[in-house]
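Here are the chains, one letter per residue:
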Amino acid sequence: MMKWESYILRKKRGRTRKSKFQPRTQQEAKDALALGIIDIGDYVEFSLSLEPVLDSVHDPDPDTRKKAIQTLAQRRDPLSIQLLHYLLLDQEEEVRLAAATTLEVMEKEMHSRIHRLRQALQSSPGDRATRLRLAQTYIDYASVLLMNRNLQRFFLNKALELLNELIHADPDEVQYYLERGRTYQLLDEPEKAKEDFQQCVRRDTSHTQAYMGLAECLFKLKQFRNIQEIMQVLPPMDEDNEIADAQNFWVS
């Protein structure tokens, strides 16, 4: 049975997953589809969910475009931030002002969080939990809010510095390798990211998030046979888990 046919059957039976992977961009959705993390039905559903927002952004009515800004602010994903930047060039001054104000508020929130964490780290330099949260905040800031590639790299490199220090202090902590792997992925260095995810699974053979990160790197590196091996190593997932789709896609 084709995957889209099984999706329709699950819809009719009310058996779609309770919590499923939510792509943040169209490219992420395409990659997830290729990996089998989502099926064609989920991909179509994601694409259709973007249409009302995109229609509102391009609506001739300025008030509709201003309402779209509120929706984009709530979504807080890379595509939404990109659209907010697009609205900074809107022909209507009120729309430009609303988009600029929204982005400014989001930036201030992120800067405030970074400031608090940096202060906390200055007070307790040995606090690894705070160091990790600061690195994660840098990663979130770079991956969601920043459009400028040089600024992205700047904050991702700051995250790398913190994570390198953490790994040096405790080379057996899985979470540190996981976050550094994410950082290398965002820096478009899949080979280095792959090494970190491999470090994760060596230390925790049941770490599904690390396995999926590793699979994404292998997909990027076109090492498809190794993806099959990973999916075979993973324990079977119940049907309410999005990873089950990836396993079925690669193993069956």
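Given the structure is predicted, the values throughout are model-derived calculations rather than measurements.

Engineer: Would you mind going over the pattern of salt bridges with me for this structure?
Structural biologist: A side chain with one charge can pair with a side chain of the opposite charge if their charged atoms come near. Here the structure, examined in full by the defined rule, presents 12 salt bridges. Among the ionic pairs, Arg65 bridges to Asp90, the shortest N-O distance being 2.7 Å. Of this pair, Arg65 sits in helix H4 (residues 62–75) while Asp90 sits in the loop between helix H5 (78–87) and helix H6 (93–123), and the two are 25 residues apart along the sequence. As far as burial versus exposure is concerned, Arg65 and Asp90 are alike and both buried. Note that Arg182 is salt-bridged to Asp140, the shortest N-O span being 3.8 Å. Of this pair, Arg182 sits in helix H9 (residues 174–186) while Asp140 is found in helix H7 (residues 128–145), placing the two residues 42 residues apart along the sequence. With relative accessibility at 26%, the residue Arg182 sits in the partly exposed group.

Engineer: What am I meant to see in the confidence of the model for the protein here?
Structural biologist: It should be kept in mind that the predicted coordinates are not to be read in detail where pLDDT is low. With 72% of its residues at a pLDDT of 70 or more, the protein shows a mean pLDDT of 81. Confidence over residues 1–19 falls short of pLDDT 50; this stretch has 28 contacts with residues more than four positions distant or in other chains.

Rules and cut-offs
- Residues numbered from 1 in each chain as written.
- Predicted model: local features only at pLDDT ≥ 70, side-chain atom pairs only at ≥ 80, totals over all residues.
- Heavy atoms only, no water.
- Salt bridge = Lys/Arg side-chain N within 4 Å of Asp/Glu carboxyl O.
- Helix = DSSP H or I, 4+ residues; strand = E, 2+ residues; numbered from the N terminus.
- Buried < 20%, exposed > 50% of the residue type's maximum accessible area, 1.4 Å probe, protein only.
- pLDDT = per-residue confidence, 0-100.
- Contact = heavy atoms within 4.5 Å.

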